[in-house]
Amino acid sequence: MKSSMDIVDSQIHFGPGQIDETLAGMNALGISAVLADEFWGLDNWGPGYKLAGGGYRVTSPTTELASWLHPDRFSYVLRVDRLDPEVLPLVRIARDAPNLRAIRMLPGLTAEELRAFAEGAYDPVLAQAEALGLPCFFFIPGRAELVGRYLEKFPGLTIIVDHCGMPMESGVSFLDAETPDADTPSDGADLRAFQAVLDLAEWPNARLKWSHAQGMFGVRDYPFPALWPHLRRAIDAFGADRIMWASDIGGNQTGETWGELLHCLRDCAEFTDDEKAWLLGKTVRTALDWPAGSEVAAC
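Quick look at the structure, then.

Procedures and definitions
- Counting starts from 1 at the beginning of each chain's written sequence and moves along it residue by residue.
- Restriction of local features to residues with pLDDT of at least 70 applies here, the model being predicted, together with a cutoff of 80 or more for giving and counting side-chain atom pairs; totals for whole chains, interfaces and linings are based on all residues.
- Neither water nor hydrogens contribute to the side-chain values; these are computed over all heavy atoms in the structure.
- The rule for pairing is simple: two strands pair if DSSP sees at least two bridges between them.
- Going along the chain from the N terminus, every DSSP run of H or I of four or more residues is numbered as a helix, and every run of E of two or more is numbered as a strand.
- What counts as an axis is a line fitted to C-alpha atoms, over the stretch in contact for a helix, and the angles between N-to-C directions run from 0 to 180 degrees.
- For this analysis, residues touch if any pair of their heavy atoms sits within 4.5 Å.
- Categorising residues by exposure relies on relative accessible area from a 1.4 Å probe, with only protein chains included: less than 20% of the type maximum marks a residue as buried, more than 50% marks it as exposed, and the intermediate range marks it as partly exposed.
- Picture the helix axis, draw a direction to every C-beta atom, and the arc is the one those directions span.
- Here the expected span of a helix is defined as 1.5 Å times the quantity of residues minus one.
- Between N or O atoms, a polar contact is any pair within 3.5 Å; within protein, one atom must be a potential hydrogen donor and the other a potential acceptor, and residues adjacent in sequence are included only when both atoms are from side chains.
- Note on definitions: salt bridges are taken to be side-chain nitrogens of Lys or Arg within 4 Å of carboxyl oxygens of Asp or Glu.
- Residues counted as positive are Lys and Arg, residues counted as negative are Asp and Glu, and His and the chain ends are not counted.
- The cut-offs work like this: below 35 degrees is roughly parallel, past 145 is roughly antiparallel, 65 to 115 is roughly perpendicular, and the gaps in between are oblique.
- Under this grouping Gly is polar, as are all residues other than the nonpolar Ala, Val, Leu, Ile, Met, Phe, Trp, Tyr, Cys and Pro and the charged Asp, Glu, Lys and Arg.
- Whether two aromatic rings pair depends on their centres lying within 6.5 Å, for rings of Phe, Tyr and Trp, where Trp uses its six-membered ring; planes under 30 degrees apart make the pair stacked, over 60 edge-to-face, and the rest tilted.
- Placement of a charge over a ring requires the Lys NZ or Arg CZ to be within 6 Å of the ring centre, with the centre-to-atom vector within 35 degrees of the ring normal.

## Structural notes on the sheet that holds strand 2 (residues 31-36)
Strand pairing in a sheet is mediated by backbone hydrogen bonds. Such pairs are either parallel or antiparallel.
Phase 1 of the analysis: Spatially, 1-2-5-6-7-8-9-10 is the arrangement adopted by the eight strands of the open sheet, whose pairing is parallel. This sheet does not close on itself; its edge strands, each paired only once, are strand 1 (7-12) and strand 10 (243-245). Sheet twist, expressed as the mean angle between neighbouring strand axes with direction ignored, is 25°.
Phase 2 of the analysis: Packed on one face of the sheet, helix 9 (residues 228-238) meets strand 9 (206-210) and strand 10 and runs near 165° to strand 9.

Set out below in structure tokens:
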């Protein structure tokens, strides 16, 4: 299927044996490229291995192979753990890896890491990333207000807040920490948490990943008409050129197909063609310095 728009999915998860089927899905939907975070399940957050001292080192064998076989279609992020004693050398090596576009950190997983994040414990890794020009994604559901100090301290670092920056959808919880009380309207959205996300637009190095929105905002009637006023608020705050769409296919918790997650926005009349071009591809390419490749025209 040919597409007149350069569509780039800024987060998918996949693993062994899934390169060809992922590529087939991309071709069917007109998706030019994907940014992959290899993920084999919640039990170990792998593939990877535990380290002495409590750290975890992620590896990315499938996504690396995909990016070697199809460099114009697959790029990837590397999840890094600040508790890894070799985290700074790993970030330096990541900068030089072909088709690796960014690192990703998950301080929102535990109360301990959330406290460490609030106290500035992620400074050394982010200083390294800033010096190397390597963007960083943060998974920090419902605690976007904690990101501001890092945006302020590292103005040369592009920081992307995962999954709308919102608390995880009902029934899905990774965080054993306390979260703010929700100011919850009829559609289930935590407006207080969302305002904290919008406030990050004050910093020009902040970006927002628009994913899991149907779950985060409690809007489940496809094609989600009640969702679009929230995205409009985000565009008004950040601009479409600082928001990137992601399906999170392979990790999406609410059951939609890849095509549904794309076309609910692609076909939505609430946004201009220019806004959709940024949301669906131009923002992630610009933020990650990711040029379109020659294979794109064949999709």
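## Examining helix 1 (residues 19-29)
Phase 1 of the analysis: All buried positions along helix 1 are accounted for by Ile19, Thr22, Leu23, Gly25, Met26 and Leu29. Considered in projection along helix 1, the buried side chains sweep an arc of 160° and stay on one side of the axis. The outward face of helix 1, more than 90 degrees from its buried face, is lined by the exposed residues Asp20 and Glu21.
Phase 2 of the analysis: Among the structural elements, strand 1, strand 2, helix 2 (61-69), strand 5 (74-79) and helix 10 (258-266) are those in contact with the buried residues of helix 1.

## Some details on helix 11 (residues 273-287)
Phase 1 of the analysis: Compared with the 21 Å implied by 1.5 Å per residue over 15 residues, the 20 Å span of helix 11 between its first and last C-alpha is a close match.
Phase 2 of the analysis: Among all positions in helix 11, only Glu275, Lys276, Ala277, Leu279, Leu280, Gly281, Thr283, Val284, Arg285 and Ala287 are buried.
Phase 3 of the analysis: Contacts made by the buried residues of helix 11 are with strand 1, strand 2, strand 9, helix 9, strand 10 and helix 10.
Phase 4 of the analysis: Asp289 occupies a position one or two residues after helix 11 and carries a positive phi of about 50°.

## Observations concerning the side chain of Ser10
Phase 1 of the analysis: Position of Ser10 relative to the elements: it lies in strand 1.
Phase 2 of the analysis: At 2.8 Å, the side chain of Ser10 forms a polar contact with the backbone oxygen of Trp245.

## Focus: the pattern of salt bridges
Phase 1 of the analysis: Considering all chains together, one arrives at 13 salt bridges under this definition.
Phase 2 of the analysis: The residue Arg104 makes a salt bridge to Asp37 at a minimum N-O spacing of 2.7 Å. Highlighted residues: Arg104 in strand 6 (residues 100-105) and Asp37 in the loop between strand 2 and strand 3 (48-50), separated in sequence by 67 residues.
Phase 3 of the analysis: Of the charged contacts in the structure, one is a salt bridge between Glu256 and Arg220, with a shortest N-O distance of 3.8 Å. Pair noted here: Glu256 is in the loop between strand 10 and helix 10 and Arg220 is in the loop between helix 8 (213-216) and helix 9, with a separation of 36 residues, a long-range link.
Phase 4 of the analysis: Among the residues examined, Arg220 registers a relative accessible area of 48% and is labelled partly exposed.
Phase 5 of the analysis: Salt bridges linked by common partners bring Asp37, Arg79, Arg104, Asp162 and Lys209 together as one network.

## Details of the side chain of Arg207
Phase 1 of the analysis: Here Arg207 lies in strand 9.
Phase 2 of the analysis: Buried Arg207, no salt bridge; nearest opposite-charge side chain is Asp241, N-O distance 7.0 Å.
Phase 3 of the analysis: Side-chain polar atoms of Arg207 contact the backbone oxygen of Pro204, separated by 2.7 Å.
Phase 4 of the analysis: Ignoring anything within four residues of it in the chain, the contact list for Arg207 reads Thr158, Ile159, Ile160, Val161, Asp241, Arg242, Met244 and Ala287.

## Structural notes on the packing of helix 10 against helix 11
Relative orientation and spacing of two packed helices are given, respectively, by the angle between their axes and the distance between those axes.
Phase 1 of the analysis: Orientation of helix 10 relative to helix 11, taken along the N-to-C sense of each, is 150°, at an axis distance of 10 Å. Classified by the angle between their axes, helix 10 and helix 11 sit roughly antiparallel to one another. Between helix 10 and helix 11, the contacting residues are Leu262, Leu265 and Arg266 on the first element and Lys276, Leu279 and Leu280 on the second.
Phase 2 of the analysis: Across the contact of helix 10 with helix 11, the residue classes break down as four nonpolar, no polar and two charged.

## Here's the deal with the packing of aromatic side chains
Phase 1 of the analysis: All chains considered together, the criterion is met by 10 aromatic pairs.
Phase 2 of the analysis: Seen in terms of ring centroids, Trp210 and Phe217 are 5.7 Å apart; in terms of plane orientation they differ by 25°. Their pairing is stacked. This pair shows no difference in class: Trp210 is buried, exactly as Phe217 is.
Phase 3 of the analysis: A centroid spacing of 5.8 Å and a plane angle of 85° characterise the contact between Trp228 and Phe271, whose relative ring orientation is edge-to-face. Of the two residues, Trp228 sits in helix 9 while Phe271 sits in the loop between helix 10 and helix 11, which places them 43 residues apart along the sequence.
Phase 4 of the analysis: The buried category is assigned to Trp228, whose relative accessible area is 6%.
Phase 5 of the analysis: Directly above the ring of Tyr150 sits Arg149, whose terminal nitrogen or CZ lies 4.5 Å from the centroid.
Phase 6 of the analysis: Taking the ring centre of Trp290 as reference, the NZ or CZ of Arg285 above it sits at 5.3 Å.

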